[in-house]
Amino acid sequence: MIDNPQLSFKPTLPFKSVTAALLFSVLLGPVGLLYSSVIGGSVLMVLFLIAFTGKYVNAMIIFWFSSCIVSVATVNRYNNKIIKKMTL
């Protein structure tokens, strides 16, 4: 019997781009974090809005830069999970 390679194909999710995540976060701040992490982006957007309404400029800058760091970390974690699923 002939093995059909299409039957052994495992569908996988596409990788997320670290460059795109960083670019979105640098340009859009916490809103750009939504590309890599919906929960993290939502939390940082709320914190950013609270800091914005209270006019805490230092906090806004910290949240903006932290969104860049978190976006790269979450995309790397997401891609590593996909790699692990592919190797199983």
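Values in this document were obtained by computation on a predicted structure and should not be read as measured data.

Draft legend 1. Fine view of the overall build of the protein. Within the protein, the regular secondary structure consists of three helices and zero strands. Its helices and strands taken in sequence order, the protein reads α-α-α from the N to the C terminus. Among the 88 residues that make up the protein, the fraction classed as buried is 24%. For the protein, the share of sequence-separated contacts (at least 6 apart) that also reach a separation of at least 24 residues comes to 58%. For the protein, the computed accessible surface area is about 6,600 Å², with 74% contributed by carbon and sulfur atoms.

Draft legend 2. Spatial organisation of unusual backbone geometry. Phi angles above zero are rare outside glycine, and K55 is one such case at about 60°. Position of K55 relative to the elements: it lies in the loop between α2 (38–53) and α3 (57–87).

Draft legend 3. Quick look at α3. For α3, built from 31 residues, the straight-helix expectation of 45 Å at 1.5 Å per residue is met to within 8% by its first-to-last C-alpha distance of 46 Å. Burial in α3 covers these residues: M60, F63, S67, C68, S71, T74, V75, N79 and I82. Elements that come into contact with the buried residues of α3 comprise α1 (18–28) and α2.

Draft legend 4. Examining the side chain of T74 more closely. Secondary-structure assignment places T74 in helix α3. Residue class for T74 comes out buried when judged on its relative accessible area of 10%. Not counting the four nearest positions on each side in its chain, T74 is found in contact with S36 and S37.

Draft legend 5. Quick peek at a nonpolar patch on the surface. A surface patch of nonpolar side chains, about 770 Å² in accessible area, is lined by L22, L23, F24, V26, L27, L28, V31, L34 and V38. Here the nonpolar patch gets six residues from one element, more than from any other, and that element is α1. Structurally, the position occupied by F24 is in helix α1. When its relative accessible area of 34% is taken as the criterion, F24 is described as partly exposed.

What counts, and at which threshold
- Residues numbered from 1 in each chain as written.
- Predicted model: local features only at pLDDT ≥ 70, side-chain atom pairs only at ≥ 80, totals over all residues.
- Heavy atoms only, no water.
- Helix = DSSP H or I, 4+ residues; strand = E, 2+ residues; numbered from the N terminus.
- Buried < 20%, exposed > 50% of the residue type's maximum accessible area, 1.4 Å probe, protein only.
- Contact = heavy atoms within 4.5 Å.
- Areas by Shrake-Rupley, 256 points an atom, 1.4 Å probe, with all protein chains shown as cover.
- Expected span 1.5 Å × (residues − 1).
- Patch = residues over 30% accessible without salt bridge, like charges linked within 9 Å, V, L, I, M, F, W, Y side chains within 5 Å.
- Salt bridge = Lys/Arg side-chain N within 4 Å of Asp/Glu carboxyl O.

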